[in-house]
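The lines below spell out each chain.
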Amino acid sequence: MLAARALRGMRASRRGMSTAPDWSKLGFDFYPTRSMLRYDHDGSGWNGGTLQQDFELKVHALSNVLHYGQAIFEGLKCFHCADGSVRVFNSGANAKRLRSGCERLQMPVVPAPMFDEALDRVIKDNLDFIPPYGTGGAMYLRPFLFGHGGKLGLGPAPSYTFCIVASPVGAYYKGGLQAIDGLVIEQYDRAAPRGVGNIKCAGNYAPDVQPSSAAKANGFPICLYLDAKENAYVEEFSTSNFIGITQDGTLVTPSSPSILPSCTKGVILQIAADLGIKVEVRPVPWAEVATFREVAACGTAVVLTPIQSLTRGDKVVRFDSFDTIKKLYDAVTQLQVGLVEDKHNYTRVV
Ligand code: PLP
Ligand code: COI
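Residues numbered from 1 in each chain as written. Chains lettered and ligands numbered in written order. Predicted model: local features only at pLDDT ≥ 70, side-chain atom pairs only at ≥ 80, totals over all residues.

1. Remarks on the site of ligand 1
Argument step 1. What surrounds ligand 1 is the set Gly75, Glu236, Thr239, Ser240, Asn241, Leu260, Ser262, Cys263, Thr264, Lys265, Gly299 and Thr300.
Argument step 2. A per-element tally of the shell around ligand 1 places helix 6 (residues 263-274) first, with three residues.
Argument step 3. Along the lines of polarity and charge, the residues of the shell around ligand 1 split into two nonpolar, eight polar and two charged. (Near = placed C-beta within 6 Å. Helix = DSSP H or I, 4+ residues; strand = E, 2+ residues; numbered from the N terminus. Nonpolar A, V, L, I, M, F, W, Y, C, P; charged D, E, K, R; others polar.)

2. Observations regarding the nonpolar core
Argument step 1. Of all hydrophobic cores here, the largest spans 86 residues; its most connected members are Cys78, Ile164 and Val332.
Argument step 2. No other element matches strand 7 (residues 159-169), which puts seven residues into this core.
Argument step 3. For Cys78, the contacting residues outside a window of four places in its chain are Val86, Arg87, Val88, Phe89, Ile123, Ile130, Ala138, Met139, Leu141 and Val350. (Core = buried A, V, L, I, M, F, W, Y, C linked by C-beta atoms within 7 Å. Buried ≥ 20, exposed ≤ 12 C-beta atoms within 10 Å, placed from the backbone. Contact = placed C-beta atoms within 7 Å.)

3. Quick word on the packing of helix 3 (residues 91-104) against helix 4 (residues 112-125)
Argument step 1. Where helix 3 meets helix 4, the axes come as close as 10 Å, and the angle between the chain directions of the two elements is 125°. Taken together, the axes of helix 3 and helix 4 lie oblique to each other. By crossing handedness, the relation of helix 3 to helix 4 is classed as right-handed. Where helix 3 approaches helix 4, its residues Ser91, Gly92, Ala95 and Leu98 are matched on the opposing element by Ala112, Phe115, Asp116 and Leu119. (Axes fitted to C-alpha atoms, helices over the stretch in contact; angles between N-to-C directions. Parallel < 35°, antiparallel > 145°, perpendicular 65-115°, else oblique. Left-handed = near helix turned anticlockwise from the far one by under 90°.)

Dropping the structure here:
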């Protein structure tokens, strides 16, 4: 259904028209909006960027992005708020993470003011695709940057492109506080201790496509990876970071050099501290997980998704209380749509 509607929208958008989606039916799928934004870098600096009405990019067949994986992306959201404004959530953290990834992959950095300006341009051109306040949806923003141009040997690309695509979205998994089942991936590791798990590069995601698809086919919508060295510590989910709540209500979340620093988690830890919840960021042994009262996945797309079970081999660990997760979920989703005071300036009016 949604695919057919998306196709109609795509055709309409190609004809220069745009149709609003059925807000109540949105999942986490691309819905063609009016435009995407593209900036180019030829080795001497970024150009001024242009909005384009199709979603096609033409690149040389020998581009770094296609062969050597020189590609990075971000994910963040903006919202129609209770007061009628549109706010982008926590974009400073995404700009910072993008910078660290560009430096690691030797790609030109997108300065924070350019990042914000780009977000504003694409949001303003697609305002009518932002789910209205009260629908529970958001506009997902997908900035990405990659190296291209004809080049055979391994080394920096001659050219780079930075784009932002916007798409209205609903829930990534079941939605709201509906709990899902997770599978611990045993046969593969996600990221090595001194690898690139701590940046949002495209190459971290391709190796997860097969294990995640297999897990999904077996009834597990989400996968959890353990550390690559000892297979004894929790790292993160395929799509998100790990949060556990102990029996005494302490929020515990892994520290590891090989997990992605979640921008959402930064906000959640601050909210937890504001609510008087004790927070511990430290290595989390898998053996400890069975003692947790609550477990959740946290990230831009998944927000805070409660996990009701984690299966590792023939052992299943279950969680059936989500009181603390609910408190945090309510606080973060209210902050996103401007229903509570933004004491730490996480939101920016566009
Ligand atoms: N970990 C992984 C592997 C992710 O893909 C994401 C999503 O971006 C996260 C964690 C959560 O990060 P954020 O909260 O910045 O979306
Ligand atoms: C996000 O949450 O923004 C992500 O990039 C995760 C992705 C798997 C959708």
